[in-house]
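# Examining the three-dimensional arrangement
The chain contents come next:
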Amino acid sequence: MDEITFRRATADEYEAVHNINTNLFNGGDLISNKQRYQHHLTRPYNYAYIAEIEGRVISFCMFTIQDGGTTLFGRFWRTHSDYGRQNINFRLNQYGVKDIVSHHSGIVKGRYMTAISGLHPNLPPKTSLINTRPMLIHEIITAKTLLQKCQQQTYKYLPLTTLDERQKRQLLTSPETSWKFAGTDHLIMDSQVYKAISDNYKLIKETEDPYVLAELSQDEVQSFSLGIQMPLKQQCMFAYKMEIYTKSEEQAKNHIQQQALHAAQSLPDKHLYVVIRLDAAFTEQSSERAAITEHLSKLGLRYNYENAARIGKDPHRITVEWNIRDTADMKRFRVQKIS
């Protein structure tokens, strides 16, 4: 193999990074948009790295420092298909972690998210599973069609409150919220995990800026949902990711309906790539999950079997954690086999 060079990526290398995989996730790649890529690469808490051979960029990864400087979160990992099964991205990740920790000694753990089939992943050595959420992936739909379908529904809304900035900050940085609704010390927002502490709110605001709906009873949150919109490479396309935090079927349907309505109204004339993540209680076999799926079909949201098949039967999004001190000894980062 030719000599591989590892180094920091820069904000002006969008084309080179995008060309590693030009149609990743069938156009749903969240850094396929140039402005989005440059946004990430100019944040002081983000560190991105590339591997190259004779000037050709063949692999990319990015890390975010969060949780008050104690956690390193990895995402957007990719390697060109010509160089698959050669551990290049793993070596790039090792290089990046070593470089970041040399400048930030307070980092003690790393985390990343990945998609798996089913509920029981075979994790890499020296890692642990800290959450799992069922994932519903849908075919592209126009905002106009989604709006029409929403308005045609006779579904009886439960009252939900759109949270203002103060309420959002209070909700998303509250450990009580994360433990009550997620059973952990963190919340998932799109492709990142945030510990529910005030130090993370700037990152949440700059990176996700979610539209938050909550079911309130005497000012106490009974359920909530996050709607996160991201521009994709084609200017007419946006990803809209919903995180639904409730174990109730009726509450879940209600949040989905109103998040879908907001997406259609706030992104007129756009094509929407809608992904919904639910509580782990909604397994594929549950009657509640079936009822939610039926409701989604009434909204014109058709399950994308092709994209889901790339992950496997019953796609889930999981979060994996490891001790930073174990990085040099790890055999791999990513979940490769499903048991």
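Read on for a plain summary of the structure. (Residues numbered from 1 in each chain as written. Predicted model: local features only at pLDDT ≥ 70, side-chain atom pairs only at ≥ 80, totals over all residues. Heavy atoms only, no water.)

Note on placement: K205 falls in helix α7 (residues 201–207). Residue classification places K205 among the partly exposed residues on the basis of a relative accessible area of 34%. C-alpha separation for the pair K205 and E165, spaced 40 residues apart in sequence, amounts to 9.7 Å. Those residues in contact with K205 that lie beyond four places of it in its chain are E165 and K168. (Helix = DSSP H or I, 4+ residues; strand = E, 2+ residues; numbered from the N terminus. Buried < 20%, exposed > 50% of the residue type's maximum accessible area, 1.4 Å probe, protein only. Contact = heavy atoms within 4.5 Å.)

The next point concerns the packing of helix α4 (residues 143–152) against helix α8 (residues 249–266). Running from N to C, α4 and α8 cross one another at 140°; their axes reach a closest spacing of 8 Å. Viewed along their axes, α4 and α8 adopt a mutual orientation that is oblique. Handedness of the α4/α8 crossing: left-handed. Judged by residue contacts, A143, L146, L147 and C150 of α4 engage Q257, A260, L261, A264 and Q265 from α8. When the residues that make up the contact of α4 with α8 are grouped by side-chain class, the tally is seven nonpolar, two polar and no charged. (Axes fitted to C-alpha atoms, helices over the stretch in contact; angles between N-to-C directions. Parallel < 35°, antiparallel > 145°, perpendicular 65-115°, else oblique. Left-handed = near helix turned anticlockwise from the far one by under 90°. Nonpolar A, V, L, I, M, F, W, Y, C, P; charged D, E, K, R; others polar.)

Here Q258 lies in helix α8. Note on Q258: relative accessible area 17%, which makes it buried. Those residues in contact with Q258 that sit more than four places away from it in its chain are Y157, L158, L160 and L213.

Another point: the pattern of salt bridges. Pairs may arise between side chains of opposite charge once their charged atoms sit close together. Using the criterion set out here, one finds 19 salt bridges in the structure. A salt bridge links R111 to E321, with the shortest nitrogen-to-oxygen separation between them at 2.7 Å. Within this pair, whereas R111 is found in strand β5 (residues 109–117), its partner E321 is found in strand β16 (residues 315–323), the two being separated by 210 residues in sequence. E321 carries the same exposure label as R111, and that label is buried. Of the charged contacts in the structure, one is a salt bridge between R277 and E243, with a shortest N-O distance of 2.6 Å. Taken as a pair, R277 in strand β15 (residues 271–277) and E243 in strand β14 (residues 237–245) lie far apart in primary sequence, 34 residues in all. With respect to burial, R277 and E243 carry one shared label: buried. Connected through salt bridges with shared partners, the residues E165, K168, K205 and D209 form a single ionic network. (Salt bridge = Lys/Arg side-chain N within 4 Å of Asp/Glu carboxyl O.)

A separate point is helix α5 (residues 165–172). Taken together, the buried positions of α5 are K168, L171 and L172. Along α5, the residues classed as buried sweep out an arc of 85° about the axis, all on the same side. Exposed and oriented more than 90 degrees from the buried face of α5 are R166 and Q170. Contacts from the buried residues of α5 go to α6 (175–182), β10 (186–189), α7, β12 (211–217) and β13 (220–231). Where α5 starts, the residue carrying a side-chain oxygen 3.2 Å from the main-chain nitrogen of R166 turns out to be D164. (Arc of directions from axis to C-beta. Polar contact = N/O pair within 3.5 Å; in protein donor to acceptor, adjacent residues only side chain to side chain.)

A word on the packing of aromatic side chains. Given two aromatic rings, their pairing is described by the distance between the two centres and the angle made by the two planes. All chains considered together, the criterion is met by ten aromatic pairs. Three or more aromatic residues joined by ring pairs make a cluster, and in this case those are F63, W77, Y112 and W322. One Lys or Arg, R133, reaches over the ring of Y245 and ends 4.4 Å from the middle of that ring. (Phe/Tyr/Trp six-rings, centres within 6.5 Å; stacked < 30°, edge-to-face > 60°. Lys NZ or Arg CZ within 6 Å of the ring centre and 35° of its normal.)

With that settled, consider the environment of V17. Within the fold, V17 resides in helix α1 (residues 14–18). Spatially, the C-alpha atoms of V17 and I228 are 24 Å apart, while their sequence positions differ by 211 residues.

Let's shift gears to the state of the cysteines. Covalent bonding between the sulfur atoms of two cysteines defines a disulfide. A complete count under the given rule lists zero disulfides for this structure. Between C236, a free cysteine, and C150, which holds the nearest cysteine sulfur, the sulfur-to-sulfur gap is 20 Å. (Disulfide = S-S within 2.5 Å.)

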